[in-house]
Amino acid sequence: MRKILVSALLLTAALYAHSAWALDSSGTPVVVTPLASRTTTASGQPITLPGKNVQVLVSTYDIAAGATLPVHRHPFPRYAYVEAGTLKVTNVETGDSNTYKTGDFIIEMISQWHQATNIGDGPVKLLVIDQVEEGAKNTELRQ
């Protein structure tokens, strides 16, 4: 499973490194638009995969205008694509924050306490991808 995931990531990296054009099976052009290429999280940590039995979880989040998520952390890698809205994410350990808007790609910090606030006028819509050890959850709330 890990070899398949690594192969898929390498293929994705190869596609991002080249032209934005590909062809479908009929020869019709397909536009590929690279969105992100990073080796570190939002707080500068190296991105590493879980050590065994990787499970990929994909979900959507709809965060109402003005809503603030509770302080939490992720023990495994989490990636998010901002489909709509403006989200401010603050590392509560350092006080550093990043603001993400429609079209941004987020590589969340790992095992660092943080919280997010919708600072826009409308809802924030996220497409979220987690890579966890099989059966694990990727969000811990601060008690």
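Residues numbered from 1 in each chain as written. Predicted model: local features only at pLDDT ≥ 70, side-chain atom pairs only at ≥ 80, totals over all residues. Heavy atoms only, no water.

A. Up close: the nonpolar core. Among the nonpolar cores identified, the biggest contains twelve residues, and these are Ile63, Ala80, Val82, Leu87, Val89, Tyr100, Ile106, Met109, Ala116, Val124, Leu126 and Val128. When residues of this core are traced back to their parent elements, those giving at least two are β5 (78-84), β6 (86-91) and β10 (124-133). Top contributing element to this core by residue count: β10, with three residues. (Core = buried A, V, L, I, M, F, W, Y, C linked by side-chain atoms within 4.5 Å. Buried < 20%, exposed > 50% of the residue type's maximum accessible area, 1.4 Å probe, protein only. Helix = DSSP H or I, 4+ residues; strand = E, 2+ residues; numbered from the N terminus.)

B. Molecular detail of the layout of surface pockets. Taken as a whole, the second largest pocket spans an internal volume of roughly 230 Å³. What lines the second largest pocket is a set of 19 residues, among which Tyr61, Leu69, His72, Arg78 and Glu108 lie closest to the centre. Counting residues per element, the ones that place at least two in the lining of the second largest pocket are β3 (54-63), β5, β6, β9 (114-118) and β10. In the lining of the second largest pocket, the residues fall into 14 nonpolar, three polar and two charged. (1 Å grid on protein atoms, 1.4 Å probe; cavity = no way out; pocket = protein on both sides within 12 Å on 5 of 7 lines; lining within 4 Å. Points joined across faces, edges and corners; volume = space filled by probe spheres on them. Nonpolar A, V, L, I, M, F, W, Y, C, P; charged D, E, K, R; others polar.)

C. Representation of the side chain of Thr41. As for its placement among the helices and strands, Thr41 is situated in the loop between β2 (29-31) and β3. Residue classification places Thr41 among the buried residues on the basis of a relative accessible area of 5%.

D. Geometry of unusual backbone geometry. Unusually for a residue other than glycine, Asn53 sits at a positive phi of about 40°. Relative to the helices and strands, Asn53 is located in the loop between β2 and β3. Exposure remark for Asn53: the relative accessible area of 51% places this residue in the exposed category. Even without being a glycine, Ser111 presents a positive backbone phi close to 60°.

E. Spatial organisation of the sheet that holds β10. Ordered in space as β3-β10-β5-β8, the four strands form an open sheet in which the pairing is antiparallel. On the outer flanks of this sheet lie β3 and β8 (105-107), each paired with one strand and no other. The average angle at which neighbouring strand axes cross in this sheet is 20°, direction not considered. Pairing geometry for β5 and β8, over three bridges, is antiparallel. (Pairing = 2+ DSSP bridges. Axes fitted to C-alpha atoms, helices over the stretch in contact; angles between N-to-C directions.)

F. Representation of the pairing of β5. Sheet topology places β5 next to β10; six bridges connect them, and they run antiparallel. Pairing of Tyr79 across the sheet is with Ile129, part of β10.

G. Fine view of the side chain of Asp130. Relative to the elements of secondary structure, Asp130 occurs in strand β10. Judged by its relative accessible area of 4%, Asp130 is buried. A polar side-chain atom of Asp130 sits 2.7 Å from a polar atom in the side chain of Asn138. The contact partners of Asp130, leaving out residues within four places of it in the chain, are Gln55, Val56, Leu57, Pro77, Arg78 and Asn138. (Polar contact = N/O pair within 3.5 Å; in protein donor to acceptor, adjacent residues only side chain to side chain. Contact = heavy atoms within 4.5 Å.)

H. Geometry of the confidence of the model for the protein chain. In the predicted model, the protein chain carries a mean pLDDT of 86, and the fraction of residues at 70 or more is 83%. Predicted confidence for residues 1-19 stays below pLDDT 50, and this span has twelve contacts to residues more than four positions away or in other chains. (pLDDT = per-residue confidence, 0-100.)

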